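Per-entry structural report
For reference, the chains in residue letters:
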Amino acid sequence: MPRLAVTSLLMSHFRSHRRTEMSFDGRPVAIYGPNGAGKTNIIEAVSLLSPGRGLRRAGPEEIARRPEALGWKIRSEVASLHQTHEVETFAEPGASRSVVIDGKPAPQAALGRILRMLWLVPAMDRLWIEGAEGRRRFLDRMTLSFEPGHADAVLTYEKAMRERNRLLRDQVRDPRWYGALESQMAEAGTMIQRNRAGAVARVVAAQAGAETAFPAADLTILDPDGAATGAEDLAEALAAGRSRDMAAGRTLLGPHRADLGAVYAAKGAPAAQASTGEQKALLISLILANARALADDFGAPPILLLDEVAAHLDAGRRAALYDEICALGAQAFLTGTGAELFETLGPRAQAFEVADGGGTSAVSERSWT
């Protein structure tokens, strides 16, 4: 069966890791140790083998190990379907992140054509009860997993919107300054809307077609202004809204205002009204459904990064999650504070213990007993 997997990982001057080398055989990876030892730093490094700023959304300067501040490097060998690639990503002090694939400089978007990756981190536990920005980010990561070009559409839209907002704040009224920017926003915005709708439809279908221990969520994309049906409609709506936007000093209509709605299907209640444990279970259900849909779409399940995933899960649900990961055939990186959290996963996974060696992470592979 074709696989997506990270088979080796080198972290150099990456957060708490001065130099750490790890090898993986494609099984799930259980990483355990005390808080602050550097477990999440490992899966953050793996997340940077995909486009974007990684699971912590950190800038290059934030990642560099202190106090040295020499820059940082991640080097990895990855299996992508029937091919093997060498991937490096790094940042020199004061510079942006660079990517090299098989010895040649490459744009970050190229990473999305090699690996597909999904993650769940503790900061997402409040996804359903906080502001829409986090849900849009979750929606766009879901969409990016299916459409690597989605990132370019989002960047194009946001760059044009920033320029338009600057004109609005400066009270520029000449329509000639707005036309090209609104045209870019309309073309990119329509693509964003189309990509998002397609991703939600795939995940909903994958959720409905699976027997799972985790509850299903009914998903909808919410637009407070009503979604335009095409680029021409969106461009016209932006032009018509200039006076209102000028008064506000920002663009008040478009896909940057969309929200992701979720209903706990079995109870018919909004996800925000579910218990903490139910909200966590809904998130896991969506990640697993996204993974199943990607396995069908891409030809192999994505790599899963599940940070402190055992939080808010009882032993039964924890065991069910591990069973589903193994049935899916995905390489999953899971972190937790103790080996006992992965007891029911056992030898189906590799195990690594992370310890704090006086400000520097020390990683040791362990065997299950």
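Residues numbered from 1 in each chain as written. Predicted model: local features only at pLDDT ≥ 70, side-chain atom pairs only at ≥ 80, totals over all residues. Heavy atoms only, no water.

It is worth spelling out the sheet that holds strand E15 (residues 361–366) at this point. Taken in spatial order, the six strands of this open sheet run E8-E12-E13-E3-E14-E15, and their pairing is mixed. Strand pairing shows two members of the sheet lacking a second neighbour, strand E8 (117–120) and E15, which therefore form its edges. Strand-to-strand twist across the sheet, computed as the mean angle between neighbouring axes with direction ignored, equals 20°. Looking at chain direction, strand E3 (residues 29–32) and strand E13 (residues 332–336) are connected through four bridges and run parallel. The partner of Tyr 32 across the bridge, within E13, is Gly 336. Contacting E3, E8, strand E12 (303–306), E13, strand E14 (350–356) and E15, helix H1 (residues 39–47) crosses the sheet at an angle of about 160° to E13. (Pairing = 2+ DSSP bridges. Helix = DSSP H or I, 4+ residues; strand = E, 2+ residues; numbered from the N terminus. Axes fitted to C-alpha atoms, helices over the stretch in contact; angles between N-to-C directions. Contact = heavy atoms within 4.5 Å.)

We now examine the pairing of E12. Each regular strand carries side chains that alternate between the two faces of the sheet. Side chains Ile 303 and Leu 305 project from E12 onto one buried face, and the interleaved Leu 304 and Leu 306 project onto a second face that is buried too. Two strands pair when backbone bridges link them, and E8 and E12 are joined in this way by four bridges, in the parallel orientation. Paired with Leu 120 across the bridge in E12 is Leu 306. Sheet analysis places E12 next to E13, joined by three bridges and oriented parallel. Each residue of the ladder has a partner; that of Leu 306, found in E13, is Leu 334. Viewed along the sheet, the connection from E12 through helix H10 (residues 315–328) into E13 turns out right-handed. (Buried < 20%, exposed > 50% of the residue type's maximum accessible area, 1.4 Å probe, protein only. Right-handed = clockwise from strand over helix to strand, strands pointing away.)

Summarizing the sequence annotation, UniProt attributes the feature "binding site: ATP" (unreviewed entry) to Gly 33, Pro 34, Asn 35, Gly 36, Ala 37, Gly 38, Lys 39 and Thr 40 in the numbering used throughout. With respect to the helices, strands and loops of the structure, Asn 35 is situated in the loop between E3 and H1. Contacts of Asn 35, omitting those with residues within four sequence positions, involve Glu 308 and Thr 337. Position of Gly 38 among the secondary structure elements: in the loop between E3 and H1. Owing to a relative accessible area of 7%, Gly 38 belongs among the buried residues under this scheme. (UniProt positions renumbered as here; feature names shortened; annotations may be inferred.)

A cis amide bond, omega 5°, links Arg 66 with the succeeding residue Pro 67. One can find Pro 67 in the loop between helix H2 (60–63) and strand E4 (72–81). Phi angles above zero are rare outside glycine, and Arg 15 is one such case at about 50°. Its location among the elements puts Arg 15 in the loop between strand E1 (3–14) and strand E2 (17–23).

Two descriptors summarise a pair of aromatic rings, namely the distance from one centre to the other and the angle between the planes of the rings. Applying the stated criterion across every chain, the model contains five aromatic pairs. Considering the side-chain rings of Phe 14 and Trp 72, the 5.8 Å spacing of their centres and the 80° angle between planes classify their relative orientation as edge-to-face. Note that Phe 14 is positioned in strand E1 and Trp 72 in strand E4, a separation of 58 residues in sequence. The two residues Phe 14 and Trp 72 agree in class, both being buried. (Phe/Tyr/Trp six-rings, centres within 6.5 Å; stacked < 30°, edge-to-face > 60°.)

Let us look at the environment of Asp 323. Locating Asp 323 in the fold gives a position in helix H10. Exposure remark for Asp 323: the relative accessible area of 41% places this residue in the partly exposed category. In this structure, the C-alpha to C-alpha distance between Asp 323 and Arg 348, residues 25 residues apart in sequence, is 9.7 Å.

Evaluation of the coordinates by the stated rule reveals 25 salt bridges. With a shortest N-O distance of 3.9 Å, Lys 39 and Glu 308 are connected by a salt bridge. A residue pair is termed long-range when its members are at least 10 positions apart, and Lys 39 in helix H1 and Glu 308 in the loop between E12 and H10 qualify at 269 residues. A network of salt bridges, in which partner residues are shared, links Arg 164, Glu 182, Arg 242, Arg 244 and Asp 245. (Salt bridge = Lys/Arg side-chain N within 4 Å of Asp/Glu carboxyl O.)

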